[in-house]
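The residues making up each chain are set out below.
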Amino acid sequence: MAITKKLTTELKPEELKEFSRLEVLARQVVEGFITGLHKSPFHGFSVEFAEHRIYNTGESTRHIDWKLYGRTEKLFIKKYEEETNLRCQIVIDDSSSMYFPEKGLNKVSFAIQCAAVLIQLFKKQRDAAGLSIFSETVELHTQAKSTPMHQKLLFSELGKLYHPYNPEQRKKTMTVEALHAIADSVHKRSLVIIFSDMFDSQPDRENEIFSALQHLKHNKHEVILFHVTDKNTEEDFKFENRPYRFIDMESGNEVKVHPSEVRDAYVASMAARHKELMLHCRQYHIDFVEADIKQGFRQILLPYLVKRIRMQ
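Predicted model, so just to flag it, every value in this text is computed and none were measured.

Visitor: Now, about the overall build of the chain: what can you tell me, with residues and values included?
Guide: Within the chain, the secondary structure is distributed over nine helices and 10 strands. With 312 residues in all, the chain has 51% of them scored as buried. Of the contacts formed within the chain by residues at least 6 apart in sequence, a portion of 77% connects residues at least 24 apart. For the chain, the accessible surface area stands at approximately 16,300 Å², while carbon and sulfur atoms represent 52% of it.

Spelled out as structure tokens, the structure:
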């Protein structure tokens, strides 16, 4: 599968606005999260910016930070790109179904904000981050790096994803092909973090989707799948007691139905699908996390934190 989008740091005024907003949001969320950790079981986990490490006797003094020594009377070595603690590849599903609901915060916007917050946390830890975006094709793929320039590039690419749902541009989800392509493109062992509603355009290919996820595991990557949903409507089917016209955002197919007539069967079907997703993930040792767009960022940051501790 070819990568169809070239990287660029040139931003339009509206993209620059989203870029700035994302950075501010990410910084505020991460600082608040770190503060909260001091009152949690993760108190001992360091989330300070790891620009330095302690000097070990016998090492070359070439990279000692003498200015820091003057302030602290302790010897620290400056850390560089090759000393990155962890490589993380963030994968975002950008298909049309991710633009539900059309009003307010939708699934793709939530995924974008979560990705921005994680990148800010990676920055604190000097972890390397890469970004992959897919729908029918892999629209963007960057290798994981931890340089400030690269992090700004990732924020700019995330900012460009903010746009209203366009019913004329129905982007289908080709999850299987995309995940195989990404697995082939991530060359070094990484933590792969996926944001997707897991609605494939060909629903009978669920086994193939997990084969693609297994491809990532076969390549020695650790995987967290954040199953992004608007739980209130997509799983619990809580709509007002009146007739609705539902439109598939990827195919355009329509159905007219009264929610009360189908709610029980629909909820049971979605619960069965949810259970199957969880069982498959458990089988392949993939961390499966339900990510309700109404429940904020803590549901994203804590599972990531737990996973990172396990990988140390």
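Visitor: Any details on helix α8 (residues 259-283)? Residues and values, ideally.
Guide: Between its terminal C-alpha atoms α8 stretches 34 Å, which fits the 36 Å expected from 25 residues at 1.5 Å a residue. Ala 265 marks the point of greatest bend in α8, at about 30°. Among the residues making up α8, those that are buried are Pro 259, Met 270, Arg 273, His 274, Leu 277, His 280 and Cys 281. In this structure, the buried side of α8 is in contact with α6 (206-218), β7 (222-229), α7 (231-235), β8 (244-247), β9 (254-257) and β10 (287-292).

Visitor: Mind laying out the packing of aromatic side chains, listing which residues take part and the relevant values?
Guide: Under the criterion given, the structure shown has 11 aromatic pairs. Here the aromatic rings of Trp 66 and Tyr 69 are separated by 5.9 Å at their centres, their planes lie at 85°, and the arrangement is edge-to-face. On the criterion of helical spacing, the pair formed by Trp 66 and Tyr 69 is a turn pair, its members being three residues apart in helix α2 (residues 66-72). With a centroid separation of 5.2 Å and 75° between ring planes, the pair formed by Phe 239 and Phe 246 is classed as edge-to-face. Using a relative accessible area of 22% as the deciding quantity, one classes Phe 246 as partly exposed.

Visitor: An account of unusual backbone geometry is requested, with residue identities and associated values reported.
Guide: Looking along the chain, the bond that leaves Phe 100 and enters Pro 101 is cis, with omega of -10°. Looking at the element boundaries, Pro 101 is found in the loop between β3 (87-93) and α3 (107-125). Unlike most non-glycine residues, Glu 73 shows phi in positive territory, near 60°. Residue placement: Glu 73 occurs in the loop between α2 and β2 (76-78). Residue Glu 73 is classed as exposed on the basis of its relative accessible area of 67%. Positive phi outside glycine occurs at Phe 237, with the angle close to 55°. Among the structural elements, Phe 237 can be located in the loop between α7 and β8.

Visitor: Requested: an account of the nonpolar core, with residues and values cited.
Guide: Among the nonpolar cores identified, the biggest contains 49 residues, and Ile 90, Ile 92, Leu 118, Phe 122, Leu 158, Phe 195 and Tyr 304 are the most heavily contacted of them. No other element matches α3, which puts 12 residues into this core. Look past the residues within four positions of Ile 92 in its chain and what remains in contact with it is Val 108, Ala 111, Ile 112, Ala 115, Leu 131, Ser 132, Ile 133, Phe 134, Leu 158 and Phe 195. If you look at the next biggest cluster of nonpolar residues, it comprises 25 residues, including Val 138, Val 192, Ile 209 and Cys 281.

Conventions we followed
All residue numbers refer to positions counted from 1 along the written sequence of the respective chain. This being a predicted model, a pLDDT of at least 70 is required before a residue's local features are given, and a value of 80 or more before pairs of side-chain atoms are given or counted; all residues contribute to the totals for chains, interfaces and linings. Only hydrogens and water are set aside; all other atoms, that is, all heavy atoms of the structure, feed into the side-chain values. Starting at the N terminus, helices and strands are each numbered in turn, a helix being any DSSP run of H or I of at least four residues and a strand any DSSP run of E of at least two. Here's how the labels work: a residue is buried when its accessible area is under 20% of the maximum for its type, exposed when over 50%, partly exposed in between, all with a 1.4 Å probe on protein chains only. In what follows, residue pairs with any heavy atoms lying within 4.5 Å of each other are defined as contacts. To be clear on the numbers: accessible area is Shrake-Rupley with a 1.4 Å probe, and residue cover counts the displayed protein chains and nothing else. Multiplying 1.5 Å by the helix residue count minus one yields the expected span of that helix. At every residue, the bend is computed as the angle between two fitted axes, covering the seven residues ending there and the seven beginning there respectively. Each Phe, Tyr or Trp ring (for Trp, its six-membered ring) is paired with any other whose centre lies within 6.5 Å, and the angle between the two planes then decides the class: stacked below 30 degrees, edge-to-face above 60, tilted in between. For the purposes of this section, nonpolar cores are sets of buried Ala, Val, Leu, Ile, Met, Phe, Trp, Tyr and Cys residues that join through side-chain atoms within 4.5 Å.

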